[in-house]
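Here's the letter readout for the chains.
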Amino acid sequence: MQLIVKILFSAIIIGVVTEMAKRFPTYGGIIAALPLVSLLSLMWLWIEKNDTEVMSEFTLGVLLGLPSTIVLLAIIFFSLKSAFSFSVSILFGVFGWAVFLGVQFVLLNLWKNIN
């Protein structure tokens, strides 16, 4: 039952954001950029686990994912502005995200090994 509540609540938020984006794209984007998924995930984790160590590791993962997400969105933005199709822009963005995330993890592991 709890899984169904999570899915429905999360789907409603996504639906509301996309409906707003249809009418007001910039505001929809701003709302989509809010840490809704992170906060929802934290809330569900807290309800299910109530473990600050898990919460701390999760938030670190979110922080580590932010730079590559910014790269993904920047690539998609500039690709669309350069008249690439939506699907090609998404493909470029996902590829750039994966490369950046891979480089980031390699650099983090090197840094951990140095210290």
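Keep in mind that what you see is a predicted model, and the values were worked out from it rather than measured.

Criteria and thresholds
- Throughout this description, residue numbers start from 1 for each chain and increase along the sequence as written.
- Selection of residues for local features in this predicted model requires a pLDDT of at least 70, selection of side-chain atom pairs for listing and counting requires 80 or more, and totals for whole chains, interfaces and linings are taken over all residues.
- Think of the side-chain values as coming from all heavy atoms in the structure, minus any hydrogens and water.
- UniProt positions are given in the numbering used here, feature names are shortened, and annotations may be inferred rather than shown by experiment.
- Secondary structure elements follow DSSP: runs of H or I no shorter than four residues count as helices, runs of E no shorter than two count as strands, and numbering proceeds from the N terminus.
- A patch consists of residues exposed above 30% relative accessible area that lack any salt bridge, with like charges linked at up to 9 Å and nonpolar side chains (Val, Leu, Ile, Met, Phe, Trp, Tyr) linked at up to 5 Å.
- In these tables, accessible area is a Shrake-Rupley quantity obtained with a 1.4 Å probe, and a residue counts as shielded only by the protein chains included in the view.
- Basic side-chain nitrogens of Lys or Arg form a salt bridge, by our definition, when they fall within 4 Å of a carboxyl oxygen of Asp or Glu.
- Burial classes: relative accessible area under 20% of the type maximum marks a residue as buried, over 50% as exposed, and values in between as partly exposed (1.4 Å probe, protein chains only).
- For Phe, Tyr and Trp, rings pair up if their centres lie within 6.5 Å, where Trp contributes its six-membered ring, and each pair is then called stacked (planes under 30 degrees apart), edge-to-face (over 60) or tilted (otherwise).

## Considering the UniProt feature "transmembrane region" (unreviewed entry) in the chain
Here the UniProt feature "transmembrane region" (unreviewed entry) sits at residues 28-46, 58-80 and 86-111. For the annotated span residues 28-46, helix accounts for 89% and strand for 0% of the residues, and the straight-line distance between the end C-alpha atoms is 28 Å. With 100% helix and 0% strand, residues 58-80 has end C-alpha atoms that lie 32 Å from one another.

## Some points on a nonpolar patch on the surface
On the surface, F95, V99, V103, V106, L107 and L110 cluster together into a nonpolar patch covering about 570 Å² of accessible area. Along the polypeptide, F95 turns up in helix α5 (residues 86-114). F95 sits in the exposed class, given a relative accessible area of 59%.

## Remarks on the packing of aromatic side chains
All told, the structure shown has four aromatic pairs when counted by the stated rule. With a centroid separation of 5.0 Å and 75° between ring planes, the pair formed by F77 and F78 is classed as edge-to-face. Considering the side-chain rings of F84 and F92, the 5.2 Å spacing of their centres and the 75° angle between planes classify their relative orientation as edge-to-face. The exposure class assigned to F84 is partly exposed, which follows from its relative accessible area of 41%.

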